[in-house]
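# A closer look at the structure
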Amino acid sequence: MYNLNIDIKQKLFTAALVVIGFAGYAQQPDSVKAAVTVKETGKAQIRARGIIKDALTGKPLTGITVAVPGFSSSFTDDKGSFSVKVPDYNVTLVISGPGYQQKDIALKSRKQITASLYESAFNSFYDEAISLTGPKQLNKSTAAISSVFTEGNWSLNNETPDSYLQGRVPGLNVIRRSGSPGIGAELFLRGFNSLNTRNQPLIVVDGMVYDNTSYGNSMIAGHVSNPLQNIDPKDIENITIIKDASASIYGARSSNGVIVITTSHAKELTTKIDFAAYGGLNFTPKQIPMMEAGDYRIYVSELLKSGGYTDSQIAALPYMNDNKVNPSYYNYHNNTNWQDKVFKESYNQNYFLKVTGGDDIAKYALSMGVTNNKGITRETDQQRYNTRFNADFNLAKKLTANANLAFSYSEQKLFDQGLSPKTNPVYIGLVKSPLLAANIFDGNGVTSPLLAEADTFSVSNPVALIENAQLKSKVYRFFGSINFKYELSKQFALSTLIGVNYDKNRENVFIPRKGTVNDTLSNAIAQNRLANQVQRLFTVYNDTRLSYNKTFNNDHRLAASLGFRFNSTDAEQDFARGYNSPTDQFISVGTGLNALRKLGGDIGSWRWLNNYLTADYSYQDKYFISGNVSLDGSSRFGKDALQGLKLGGVAFAVLPAISAGWLVSSEEFMKNVDAVDLLKIRASFGLTANDDIGNYTARQYYISQNLLGMQGLVRGNIANPQLQWESVRKANLGIDLALFNERLSLSLDVYNNKTSKMLIYEPIESVSGLAFASTNNGGMRTNGLDLGINARIVNQGLWRWDAGITLGTYKTKITELPQEAIFNTYADATYISQIGRAANLFYGYKTDGVFASNADAAASGLGIETSNGIRRNFTGGDIRFVDTNGDKVIDDKDRVVIGNPNPDFFGSFSNHVAWKRWSIDAQMTFSVGNDLYNYTRRNIESVSTMANQTLAVNNRWKADAQVTDIPKASLGDPMGNSRFSDRWIEDGSYLRLRTVTATYNLPMKDKFLKYAKIYLTANNLFTMTKYLGYDPEFSATGSIYSQGIDTTLEPQFRSVQLGVRIGL
Amino acid sequence: MEPSKIDLKLFDDLKMYYMTYSFKKHLLLLIFFASMTTFISCKDNWAERTELINKDNSLTLLAKIRQQPELSKFADLLVKTGYDQVLESSKTFTVWAPTNEALQKVAAATLNDDVLSKLFVANHIVNQSYSVALLKLNNLQEERIQTLNGKYITFGQNGVDEAKLIKYDLAVKNGIFHEIDAALEVHQNISEYVNGLTANGQKQNNFIKSLNYDLDGTGSKVYSASGTRNDFTEQIARLNNERGQFTYILLTDEAFDQEYNKLNKYFKVTKTDARYDSTSVYRTSWNVIKDLVATTIVPIEKLGTSLLSSTGINIPIDKSAIVSSYRASNGIVYIMNKVDFNVFQDKIRPIVIEGESLTSYSQNDKSGNIFTRIRADENGLQFSDKFISGTLVASFWARGRINNLYSTKYQVYWRALNDQAWSTATPSAPINFKQKLGFSSAIGATLPYVDIIPYTTVAYNNPTDKIRPRAPFAEVYLGDITVNTWGTTFLYAIGDAVTNAGLNTISLDYVKLVPIN
């Protein structure tokens, strides 16, 4: 058998070899070290001298600032040489200049140095990360932290901030939910630390927590309203990801790490206008090879025969009657490719305008964007309008303020996706019989414009659904904050941020009766279905802090903050469902039958108070130590929480963290190690927590209940006043290394996360009237490793080639559970969580081919027991399930672990090639070793239903002595051949060319335009995988108990676009 | 800016690139794109998965049969008859393909005739897949399957009809085929065969043909040769039904006459009736032929001394009387020159008239006195009877119909239960009563065969149990009557000519007429 795993690993290995080879090539010293003459000066005024050159051309650079912060600074002259006063020869010089990177060079008792600078976009450790308490250079950071400068992200389209992060951060596994525009991605930073709570990182935008939760389920099946789509990536300047315990100043919301997004502000006073316009094409996915009419009819006739239909019953079926006189002949004798009817190539458009400027008092940055992105399912699209106003004010000498105000509106047309077999067009496009047509025919074969009804196999007409169903989502979000800062003295500053987030999500759903399969309610048959929902979210946020910043003797630097954060969240969801309006022209809920109308909703409000103290200390810019502690209160915590501190009868989580770093390369003994530019060792340790235990779970609450028409209240849960946050202890050890004049840089982190007090839904005795109780009785741990490598492979003449690799791997293990094992089911799959094993493993049947003959099957002695205790033996053509317990009965007890949805490792390759005015960026992402459960294929290869099947089913077992792996056709699957087994578990490894962009910067002779650029971008150009589905990347829900299950969502698709950006 | 300027600049850049840079740079680029192509040129997953493992699954029946050299003649025949297109179509079929050798034994006339050859080929093809494996799995010895020409064949674990399987269960894309050592020739069905006969059994045949009728506007039968319905087909057996399985006995004319003569005297008719089915010929002939069909196929080797007919009569069989036999597609036909039915045992059977079938009365106002009862006899067997008591009317009578009364002499019996003391409030003491029977009339002889069974006492039966009254009582022989004409008449049960309650009671379980010569 062809081994995919090996195959992909081989190719990865090849790719790695190519990169390493180039890196090796790059290691040849290619810049000539200039001899520097040093003049001795008096002790009173010692100076350091040197030459600064351009790393690309080797030419000396003029006008570069060389400074000792807080002491002195100087510029290079036209020969590139400088001379700057220094307090002693142990300081670090900071070198910077417009258009060039910043660089820190430790003198290490040298009196003269040579340095070469790369362009400002060069990826280096001297870049800043905009962390929780402000900007900080990565080389001075003690935390496991990654920083992504988007540089405006002008070349990309179809991205939301979460999907944008895919492959850009080591250890951040970004899984795009589906191919629907704007739907975003699941973010798993360093695996996950919890079974039942949210495993997504906390998102902080411009200093304010960005509520990234979807409140309540969407009325549109399989849809997730992604709050991050309201941020235009072109407005983002920097995204910093904090992965380790230093996130703990965000208290009980920090266990999954923090993603800090900073939007761009005006940098200059002059007025600048940027305008960009994009247009592109979205391509339909490669089709799954389904049977055509001929194969399908043979399959169906075998299937019906297996189900006990007599020859005459089969012959009487309309699609078996080949007499053209039969009035329904033409309706049942077609050969329709339904995938063609569902998917359609579409276009995308995007316009963006940004104006920045201002004066000494106020600077502003105003941006506006319009996006129209059509989906690949016919008639789906998203229109989005977003605007942002960022301003900086100098209100008084010591009082400054900045404002970040954003409003966005999006309107999206969608269809059901995922597990909704009656209304998911993508699914119907696969299972619908090719014998039927979208429109009806008369007795003479003349087609009519009337759409066909749901067919004789109870499958909806996807064309009717696409043309007449209306599923709309409208999302509004206002997210704004103002931050005031008052400098009390040189060392002390007081700042306060006040922010408001208002979000409204309105959904309208109408499923017509024409052409769709009816739904069955408890008391009626639902023909057309109507629904409305409004979700509202209102949060108020405040972050107030006192900060202190002081440098002692040029050697000791101390920065500390003391503050608190307050967050109040009110969420409300109201919905109405109606059924059976008089005709398909009545599409609002009010027109449905009164007796069937259902109203409902949910309210969630909670408060969070986080008190924090954080301190960073460094000595000689070589030794760094940081500590922080937070005292975290939440309305969600039970008042008798076992851990933490009780203040005034309220439980507070105490979450301390400490980290330290040693910049080895700045030590004097490293001064002759020319190859090493930077070497830093980091360690961090601390406690983080997760507060996603439910707003009211710790308390007793009641829910409404209808009993025989009587309304009343019943207990909704068993209160657990001891319920508390999940506590996650995180340890991290890291090394940062830059070599050969930064041509090669590397960052490696190993980590261990240990979760205790993990939330478990413990099953309880049924006499209690409730199924489970929430407790903190679980524990797990996650170990892993993140690696990031950047290399400048070619740096010569007009050529530049940068390559990068990110790599992440993690292993989870359950350490503590109150019961032996937890089983969770989704889409007929079962996950097992058991002590000593990974947290979410697929648990099902093992198979060993198909019984080649009745004699084979009889010899095996295997059988099943039906629900009424009758034994039935397997026969030829049935699946040979592995009888793991040896009792000759295939039942639940034979299940074993058959797969793991978590990847062995994941990451990306990136390339940036620049030549003169051209540049090409290519990014590849990969995931290796993750198992996927192909629920979709299970339906189209079940060989037991009237659903259309893939061409592989032509290999089905038909007669004795046939050796095949597809079982025989058996209607209704009495032997359970298609049950959840390793037949449906596939290797989900993939390598994808995620984006390729070619940029051409037009030469400008005209003064009117500052610049003009042309972008040609392709997304998802190719995906290398062995996965037998549309695409191996999907996520049905954020829960770890749905990861790796292909529920027939809209697939990822290829797109290309052309963009023009001009600057005025 | 003019577009041409941009273009020129672009061109300049490219030119400079080619002029300035050495092979080394090209190589780098080459490696980069080569590694990209490696990724792209990955094999298509689905192509691998949908590749057929079993090549036969891609072959149609026609293609597979063509591949077998020993079936070449059958393959040619398929093409000639147009069934090649059927076997290429997208439904499933089973084919029993006779070898070239087997086909040689088939009459050339069959194979050369357009119509016959089509029927012949179609006789080897059925819809859906039928395999020996499935028969074995379902523990079936054989299965009857309709072929594409409408005839049925019998498929067993070892063969089909008379042919043996050489190879079996060969599955291909659109079905299964088996190789057989003999062709499955098209047999006529019983109806076709019998109607095609010119010599034997003409009397029987002609009589059956004479039973064709249509219904007129009032729903009455009108017999005519062109009638679309047929009494025999509707009442005895549908011998043209391919799905049925019959053993049919066709009498030679002598045998038919012999049986006819035995029975004719029981169907004397004097009245002139327009309807064919009330004639003596019709009745006698019908009685001869009605018991000549069995609903199973009994081959000659399994034939015993009798055969159970569809009417429940044992047909006496004398194998030496079989003139010839024919294996039809839906059964077997025996032409016999003698089937000696025993008249009183098989044909002219006693007539029983149930008391409760007497449902009209001399007066219509006594419904409160008339009971249809359920009683048990001394053995506990339940029966229903008619019981009329307390009418206070002299000679009250109840009347029912006797159908198909043969023209012969009968012994008359009745069974009547007298349990009056239990059943009615008065009289409270056991009391006997008298009743009599009348045929055709309640009062006197208007027809020659009319007779009155004189008043006979019904003695008190002394039931032992009030809840479930059982009384030992038996049939009572009342006397004989002679019936001169076959047909339908009335039976009267007449109470005593007194008005006292309890004395003019009528009680009747049944009346039995036993033919005696």
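About the thresholds
Residues numbered from 1 in each chain as written. Chains lettered and ligands numbered in written order. Predicted model: local features only at pLDDT ≥ 70, side-chain atom pairs only at ≥ 80, totals over all residues. Heavy atoms only, no water. Axes fitted to C-alpha atoms, helices over the stretch in contact; angles between N-to-C directions. Helix = DSSP H or I, 4+ residues; strand = E, 2+ residues; numbered from the N terminus. Parallel < 35°, antiparallel > 145°, perpendicular 65-115°, else oblique. Left-handed = near helix turned anticlockwise from the far one by under 90°. Contact = heavy atoms within 4.5 Å. Nonpolar A, V, L, I, M, F, W, Y, C, P; charged D, E, K, R; others polar. Buried < 20%, exposed > 50% of the residue type's maximum accessible area, 1.4 Å probe, protein only. Polar contact = N/O pair within 3.5 Å; in protein donor to acceptor, adjacent residues only side chain to side chain. Phe/Tyr/Trp six-rings, centres within 6.5 Å; stacked < 30°, edge-to-face > 60°. Pairing = 2+ DSSP bridges. Salt bridge = Lys/Arg side-chain N within 4 Å of Asp/Glu carboxyl O. 1 Å grid on protein atoms, 1.4 Å probe; cavity = no way out; pocket = protein on both sides within 12 Å on 5 of 7 lines; lining within 4 Å. Points joined across faces, edges and corners; volume = space filled by probe spheres on them. Patch = residues over 30% accessible without salt bridge, like charges linked within 9 Å, V, L, I, M, F, W, Y side chains within 5 Å. Areas by Shrake-Rupley, 256 points an atom, 1.4 Å probe, with all protein chains shown as cover. Arc of directions from axis to C-beta.

All names here are of chain B. Following both chains from N to C, one finds helix α12 (residues 202-209) and helix α15 (residues 280-289) inclined at 115 degrees, their axes separated by 11 Å at the closest point. Taken together, the axis directions place α12 and α15 in an arrangement best described as roughly perpendicular. The way α12 lies across α15 gives a crossing that is left-handed. Contacts between α12 and α15 involve Gln-204, Phe-207 and Ile-208 on the former and, on the latter, Tyr-282, Ser-285, Trp-286 and Ile-289. Classifying every residue of the contact of α12 with α15 by side-chain character gives five nonpolar, two polar and no charged.

This part takes up helix α9 (residues 114-122) of chain B. Residues and elements named next belong to chain B. Among the residues of α9, those classed as buried are Ser-117, Phe-120, Val-121 and Ala-122. Where α9 is buried, its residues touch α5 (72-81), α6 (83-87), α7 (100-104), α8 (108-112) and β2 (125-127). Among the residues of α9, the N-terminal cap falls to Asp-113, whose side-chain oxygen and the backbone nitrogen of Val-115 are separated by 2.9 Å.

Our next topic: the packing of aromatic side chains. Residue and element names in this part refer to chain B. Using the criterion set out here, one finds 49 aromatic pairs over all chains in the structure. On the numbers, 5.0 Å between centres and 85 degrees between planes, the contact of Trp-397 with Tyr-492 is edge-to-face. Separated by 95 residues along the polypeptide, Trp-397 in strand β21 (residues 397-405) and Tyr-492 in strand β27 (residues 487-495) bring together distant segments of the chain. Taken as a pair, Trp-397 and Tyr-492 share a single burial class, namely buried.

Let us look at the sheet that holds strand β4 (residues 81-85) of chain A. All names here are of chain A. Taken together, the three strands give an open sheet; going across it, the order is β4-β1-β7, and neighbouring strands pair in mixed fashion. Single-partner strands in this sheet number two, and they are β4 and β7 (112-117). Averaged over all pairs of adjacent strands, the angle between their axes in this sheet comes to 30 degrees, without regard to strand direction. Judged from the five bridges that link them, strand β1 (residues 47-54) and β4 form a sheet pairing that is antiparallel. By the bridge assignment for β4, Gly-50 is matched with Phe-82.

Further remarks concern the pattern of salt bridges. Residues and elements named next belong to chain A. If you walk through the whole model with that rule in mind, you get 60 salt bridges over all chains. For Glu-302, the salt bridge goes to Arg-956, with nearest N and O atoms at 3.0 Å. Placement of the pair is Glu-302 in helix α3 (residues 293-306) and Arg-956 in the loop between α10 (935-940) and β52 (985-987), with a sequence separation of 654 residues. Arg-956 shares its class with Glu-302; the two are buried. Across the pair Arg-536 and Asp-574 runs a salt bridge whose closest N-O atoms are separated by 3.9 Å. Remark: Asp-574 occurs in strand β29 (residues 556-579) and Arg-536 occurs in strand β28 (residues 529-552); sequence separation between them is 38 residues. The class for Arg-536 is partly exposed, based on a relative accessible area of 31%.

Residues and elements named next belong to chain B. Orientation of helix α14 (residues 253-263) relative to α15, taken along the N-to-C sense of each, is 120 degrees, at an axis distance of 9 Å. By the criterion of interaxial angle, the relationship of α14 to α15 is oblique. The two elements α14 and α15 cross, and the hand of that crossing is right-handed. Along its contact with α14, which presents Phe-256, Glu-259, Tyr-260 and Leu-263, the element α15 presents Ser-280, Val-281, Thr-284, Ser-285, Asn-287, Val-288 and Ile-289. Counted by class, the contact of α14 with α15 contains six nonpolar, four polar and one charged residues.

Attention now moves to the sheet that holds strand β22 (residues 409-415) of chain B. All names here are of chain B. As summarised here, the arrangement of the four strands in space is β17-β29-β22-β26, forming an open sheet in which the pairing is antiparallel. The open sheet terminates on both sides in strands that have one partner only, identified here as β17 (351-354) and β26 (476-482). Pairwise comparison of adjacent strand axes, ignoring direction, gives a mean angle of 20 degrees for this sheet. Pairing geometry for β22 and β26, over six bridges, is antiparallel. Along β26, the bridge assignment pairs Lys-409 with Thr-482.

Residue and element names in this part refer to chain A. Counted according to the given criterion, the structure contains 15 cavities of 30 Å³ or more. Here the largest cavity is characterised by a volume of approximately 370 Å³. Surrounding the largest cavity, 29 residues form its lining, Asn-157, Asn-158, Glu-159, Gly-182 and Asn-373 being those nearest its centre. Every element with two or more residues in the lining of the largest cavity is listed here: β19 (362-374), β20 (381-394) and β54 (1011-1025).

This part takes up a nonpolar patch on the surface. Residues and elements named next belong to chain A. On the surface, Tyr-486, Leu-488, Phe-492, Leu-494, Leu-546, Leu-562 and Leu-613 cluster together into a nonpolar patch covering about 600 Å² of accessible area. Structurally, the position occupied by Leu-546 is in strand β28. For Leu-546, a relative accessible area of 33% puts it in the partly exposed group.

Residue and element names in this part refer to chain A. Counting buried positions along β1 gives seven out of eight residues, so the element sits mostly inside the fold. Examined bridge by bridge, β1 and β7 share six bridges and lie parallel to one another. Considered in β7, the bridge of Gly-50 is made with Ile-113.

For the rest of this paragraph, the subject is the pairing of strand β11 (residues 172-176) of chain A. All names here are of chain A. The buried fraction of β11 is high, at five of five residues. Side chains of β11 alternate between two faces, with Leu-172, Val-174 and Arg-176 and Asn-173 and Ile-175 buried alike. As judged from the five bridges shared by β11 and strand β12 (residues 185-189), these two strands associate in the antiparallel manner. Along β12, the bridge assignment pairs Arg-176 with Ala-185.

Residues and elements named next belong to chain B. All of the buried residues in α14 are Ala-255, Phe-256, Glu-259, Tyr-260 and Leu-263. Buried residues along α14 cover an arc of 135 degrees about the axis, so they all sit on one side. Along α14, the residues that are exposed and aim more than 90 degrees away from the buried face are Glu-254 and Asn-261. Buried residues along α14 sit in contact with α12, β11 (246-251), α15, β16 (331-336) and α16 (343-347).

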